[in-house]
Amino acid sequence: MDSDLSMENFVQHGTKCIGVAANYRSLLKVLNRSTPDVPDFFMKPPSSYITEGQKIIIPKGFSVNEEIELGVVIGKHGRKVSECKAMDIVGGYCLALDMTATCRLGLARQTGGSWTLGKGFDTACPVSKFIPKSQIPDPHNVELWCTVNGVEKQRGNTDDLVFNIPFLISYISEYITLEPNDVIITGSPPGMGPVTKGDVIAGGITGGESMKFDVDAE
Ligand SMILES: O=C([O-])CC(=O)C(=O)O
Ligand SMILES: [Mg+2]
């Protein structure tokens, strides 16, 4: 397997971001949905990434929710990776805000249409700086928090994931080759809600990395 030593710049490499939908047991409970047998995925284009210092821009007429998530940054090429080898291709982590245009997602759900605009508009994927793998020895016991204008909106622990990271890597790589600098955003705990121009979204790992983004609108 190839290794890539420049994962600190994973955003600049411009590879893909794969999102997992409804992957927290606590979120499924709030939504009154049963546990799915298989994970559901969507993709965000590399053009949706922003890093701290850049603003989230709500497209004209859109309503947008924030979702705090743990991102897994892939470090090595992976195709049909077994669950027991999956952690070997993880290069590190990041925090991500899965900005979601609820107006578009609601429509997609009603019509069976695609999630592309709902999840993939420009600035829909704010990420923190790269977090080395050694800083998160157990990625299945990470507490995530998110505030909007200083008010806590989300708090959850990755021990609540329906599909854990090895399962996700193995499942995705059965069908889609994972490449260095790809990011898998692992799903959001409950509490996500609408944000508007002028809001400040902060998110982090309790006792660890954090990030902050200003919201603007077209
Ligand atoms: O926005 C959604 O409906 C699904 C999703 O990404 C999540 O649960 O993290
Ligand atoms: Mg999400």
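Everything quoted here is computed from the prediction, not taken from an experiment. (Residues numbered from 1 in each chain as written. Chains lettered and ligands numbered in written order. Predicted model: local features only at pLDDT ≥ 70, side-chain atom pairs only at ≥ 80, totals over all residues. Heavy atoms only, no water.)

**Student:** How do you make sense of the overall build of the protein chain when you look at a structure like this?
**Tutor:** Looking only at helices and strands, the protein chain features five helices and 16 strands. Along the first, second and third principal axes, the C-alpha set of the protein chain runs to 45 × 35 × 30 Å. Approximately 9,900 Å² of the protein chain is accessible, and the part contributed by carbon and sulfur atoms is 50%. Charged side chains of the protein chain number 20 positive and 26 negative; the gap between the two group centres comes to 3 Å. (Helix = DSSP H or I, 4+ residues; strand = E, 2+ residues; numbered from the N terminus. Areas by Shrake-Rupley, 256 points an atom, 1.4 Å probe, with all protein chains shown as cover. Lys, Arg positive; Asp, Glu negative; His and termini not counted. Charge placed at Lys NZ, Arg CZ, Asp CG, Glu CD.)

**Student:** What am I meant to see in the site of ligand 1 here?
**Tutor:** Near ligand 1 there are 14 residues, and of these Ala22, Glu67, Asp98, Arg109 and Lys119 occur at the shortest range. Contact between ligand 1 and glutamate 69: an oxygen atom at 3.0 Å from a side-chain N or O atom of the residue. Surface burial for ligand 1 is 93%, taken as the share of its 260 Å² of free accessible area covered by protein chains. Counting residues per element, the ones that place at least two in the shell around ligand 1 are β1 (17-21) and α3 (102-111). (Near = heavy atom within 4 Å. Polar contact = N/O pair within 3.5 Å; in protein donor to acceptor, adjacent residues only side chain to side chain.)

**Student:** I'm lost on the pattern of salt bridges in this one. Help?
**Tutor:** Side-chain pairing between opposite charges can occur once the charged atoms of the two side chains come close. Tallied over the entire structure, the rule returns 11 salt bridges. Between glutamate 152 and arginine 155 there is a salt bridge, and its shortest N-O distance comes to 2.8 Å. The class of arginine 155 is partly exposed, set by a relative accessible area of 40%. Connected through salt bridges with shared partners, the residues Lys44, Glu67, Asp98 and Lys119 form a single ionic network. (Salt bridge = Lys/Arg side-chain N within 4 Å of Asp/Glu carboxyl O. Buried < 20%, exposed > 50% of the residue type's maximum accessible area, 1.4 Å probe, protein only.)

**Student:** I tried to follow the UniProt feature "domain: Fumarylacetoacetase-like C-terminal" (unreviewed entry) in the protein chain on my own but got confused; where do I start?
**Tutor:** Mapped onto this numbering, the UniProt entry gives "domain: Fumarylacetoacetase-like C-terminal" (unreviewed entry) at residues 16-207. Taken end to end, residues 16-207 is 17% helix and 33% strand, and its first and last C-alpha atoms sit 28 Å apart. (UniProt positions renumbered as here; feature names shortened; annotations may be inferred.)

**Student:** Just to check I follow, could you spell out the nonpolar core for this structure?
**Tutor:** As a rule of thumb, soluble globular proteins bury nonpolar side chains together. Within the largest apolar cluster, 47 residues are counted, with the highest numbers of intra-cluster contacts made by Leu97, Met99, Ile169 and Ile201. With residues up to four places along the chain from it excluded, the contact list for leucine 97 reads Ile56, Glu67, Ile68, Ala124, Cys125, Pro126, Cys146, Ile201, Met211 and Phe213. Formed by 13 residues, the second largest nonpolar core is a distinct cluster that contains Phe10, Tyr49, Phe130 and Val183. (Core = buried A, V, L, I, M, F, W, Y, C linked by side-chain atoms within 4.5 Å. Contact = heavy atoms within 4.5 Å.)

**Student:** How do you make sense of the environment of glycine 191 when you look at a structure like this?
**Tutor:** With respect to the helices and strands, the residue glycine 191 is situated in the loop between β13 (183-185) and β14 (194-195). For glycine 191, a relative accessible area of 36% corresponds to the partly exposed category. Note: C-alpha distance between glycine 191 and glycine 156 (35 residues apart in sequence) is 9.4 Å. Once residues lying within four places of it in the same chain are set aside, the contact partners of glycine 191 are Glu66, Lys153 and Gln154.

**Student:** Could you clarify how one ought to interpret the pairing of strand β12 (residues 151-157) in this entry?
**Tutor:** Working note: regular strand, side chains alternate between the two faces of the sheet. Pairing geometry for strand β11 (residues 143-148) and β12, over six bridges, is antiparallel. For cysteine 146, the partnering residue across the bridge sits in β12 and is glutamine 154. With antiparallel pairing between neighbouring strands as the criterion, β11 and β12 make up a hairpin whose turn holds two residues, including asparagine 149 at a positive phi of roughly 55°. (Pairing = 2+ DSSP bridges.)

**Student:** Please clarify how a nonpolar patch on the surface should be interpreted in this entry.
**Tutor:** A cluster of nonpolar side chains, contributed by Met43, Tyr175 and Ile176, occupies part of the molecular surface with about 320 Å² of accessible area. Assignment of secondary structure puts isoleucine 176 in the loop between α5 (165-175) and β13. Assessed through its relative accessible area of 34%, isoleucine 176 is described here as partly exposed. (Patch = residues over 30% accessible without salt bridge, like charges linked within 9 Å, V, L, I, M, F, W, Y side chains within 5 Å.)

**Student:** Would you take a moment to explain the state of the cysteines for this structure?
**Tutor:** Taken as a whole, this structure holds zero disulfides when the rule is applied. Free cysteine: cysteine 146, not disulfide-bonded; nearest cysteine sulfur from cysteine 125 at 14 Å. Its relative accessible area of 0% is what places cysteine 146 among the buried residues. (Disulfide = S-S within 2.5 Å.)

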